[in-house]
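Structural characterization, general
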Amino acid sequence: MYLIRHGETYLNKYDRMQGWADAPLTPQGIEDAHMAAKKVQDVHFDQAFSSDLTRAVHTAHIILDDTKNDALKVTQLPNIREAFFGYFEGANGPETWDTICRPLGYNGIDDFLKDHTFYETRDAMHAADPFHDAEDAQTFKKRILAGIDQLAEKANDGETLLVVSHMDAIRSLIQLLNPQIDVHLPIKNGSLNILNFTDNQAEVVAYDK
């Protein structure tokens, strides 16, 4: 599985919280997708998947076009979309994380993640959301794992998959599969991550390349 983060969006550019909220790719985001394609330019994909959010679908189509895999359709899976940030969707990013983390004794999200997992981050956001609509850890983990199960069900033995998803979804999955990998720093738009799946295990071959 070649697991790639979508290109930069306008909400990324403005440092706004972007979970289920959607925004188009910026010109830089389109370039991010082309650069991601260069990383996999010699790869023949058997199937292609993305979340159902526009930024992921657009990135996947650019990669398929650039790598001459454009005959493939992009299957959209809502279960591999980004975490839902509830009340905080579209809010200023640093201010949001300050609001969530400072009452817990941390100076922002990077400081919080030195002591906590991404799943604990989901619980902290859920607790801070005045409507409690933001996904909690159990809900988010269940959804992401259901998405991986869907990919496994759709893939045939020996196939190579293109999967375009989102930063926290990717980092949370990597942390689940290999807790030894330091995932607390943000991964780049267009970041390449490579996973090998067998019947009994998943191996992280490359992270944030």
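For the chain, an unreviewed UniProt entry supplies the name Histidine phosphatase family protein and the organism Pediococcus inopinatus.

Structural notes on the environment of Thr117
Tracing the backbone shows Thr117 in the loop between helix H5 (109-113) and helix H6 (118-128). For Thr117, a relative accessible area of 30% gives the class partly exposed. For Thr117 and Phe84, which are 33 residues apart along the polypeptide, the C-alpha to C-alpha distance reads 17 Å.

Focus: the nonpolar core
Met125, Val163 and Ile174 are the most contacted members of the largest nonpolar core, which totals 39 residues. Secondary structure elements with two or more residues in this core: helix H4 (93-101), H5, H6, helix H7 (137-154), strand S4 (161-165) and helix H8 (167-177).

Describing the pairing of S4
S4 sits mainly inside the fold: five of its five residues count as buried. Both faces of S4 are covered, namely the face carrying Leu161, Val163 and Ser165 and the face carrying Leu162 and Val164. Direction of pairing for strand S1 (residues 2-5) relative to S4: parallel, over a ladder of four bridges. Residue pairing in the sheet places Ile4 in a bridge with Val164 of S4. The pairing of strand S2 (residues 47-50) with S4 spans four bridges and is parallel.

Structural notes on unusual backbone geometry
One non-glycine residue, Asp15, adopts positive backbone phi at about 55°. The phi torsion at His132 lies on the positive side, around 55°, for a residue other than glycine. Relative to the helices and strands, His132 is located in the loop between H6 and H7.

Notes on H7
An ideal rise of 1.5 Å per residue puts 26 Å on 18 residues; H7 measures up with 26 Å between its terminal C-alpha atoms. Along H7, the residues classified as buried are Ala137, Phe140, Arg143, Ile144, Gly147, Ile148 and Leu151. Viewed along the axis of H7, the buried residues span an arc of 145°, placing them on a single side of the element. Of the residues in H7, the exposed ones pointing more than 90 degrees away from the buried face are Gln138, Lys142, Ala152 and Glu153.

Re the packing of aromatic side chains
Summed over the entire model, instances satisfying the criterion amount to seven aromatic pairs. Here Trp20 and Phe84 contribute two aromatic rings whose centre-to-centre distance is 4.4 Å and whose plane-to-plane angle is 25°, an arrangement assigned as stacked. Placement of Trp20 in the loop between helix H1 (10-13) and helix H2 (27-39) and of Phe84 in the loop between strand S3 (74-76) and H4 is noted, with a sequence separation of 64 residues between them. Of the residues examined, Phe84 reaches a relative accessible area of 21% and is grouped as partly exposed. Centre to centre, the rings of Tyr87 and Phe88 are 5.4 Å apart; their planes meet at 80°, and the pair counts as edge-to-face. For Tyr87, a relative accessible area of 47% gives the class partly exposed. For Phe88, a relative accessible area of 6% gives the class buried. Arg122 extends its terminal NZ or CZ atom over the ring of Phe140, reaching a point 5.7 Å from the ring centre. The ring of Tyr119 is capped by Lys141, whose NZ or CZ atom sits 5.8 Å from the centre of that ring.

Brief notes about the pattern of salt bridges
For the structure shown, the criterion picks out seven salt bridges. When the shortest N-O distance is used, the salt bridge between Arg55 and Asp22 registers 3.0 Å. Linking Arg55 in helix H3 (residues 54-66) with Asp22 in the loop between H1 and H2, this pair joins segments that are 33 residues apart in sequence. Looking at Arg55, the relative accessible area reads 1%, which means it is buried. For Asp22, a relative accessible area of 32% gives the class partly exposed.

Cut-off values and rules
In this convention, every chain numbers its residues from 1, walking through the sequence in written order. Per-residue local features of the predicted model are confined to residues with pLDDT of at least 70, and side-chain atom pairs are confined, for both listing and counting, to 80 or more; whole-chain, interface and lining totals are unaffected and use all residues. Note: side-chain values were computed over all heavy atoms of the structure, leaving out hydrogens and water. The secondary structure listing takes helices from DSSP runs of H or I that are at least 4 residues long and strands from runs of E that are at least 2 residues long, numbered from the N terminus. Relative accessibility under 20% of the residue-type maximum defines a buried residue, over 50% an exposed one, and the middle range a partly exposed one, all with a 1.4 Å probe and only protein chains included. We call a set of buried residues a nonpolar core when its members are Ala, Val, Leu, Ile, Met, Phe, Trp, Tyr or Cys and they connect through side-chain atoms within 4.5 Å of each other. Here, strands pair whenever DSSP counts at least two bridges between them. To estimate how far a helix should extend, the number of its residues minus one is multiplied by 1.5 Å. To obtain the arc, one takes the directions from the helix axis to the C-beta atoms. Centre distance within 6.5 Å is the pairing criterion for rings of Phe, Tyr and Trp, where only the six-membered ring of Trp is used; planes under 30 degrees apart are then read as stacked, over 60 as edge-to-face, and the remainder as tilted. By the criterion adopted, a ring carries a charge over it if an Arg CZ or a Lys NZ lies within 6 Å of its centre and within 35 degrees of its normal. Counted as salt bridges are all cases of a side-chain nitrogen of Lys or Arg within 4 Å of a carboxyl oxygen of Asp or Glu.

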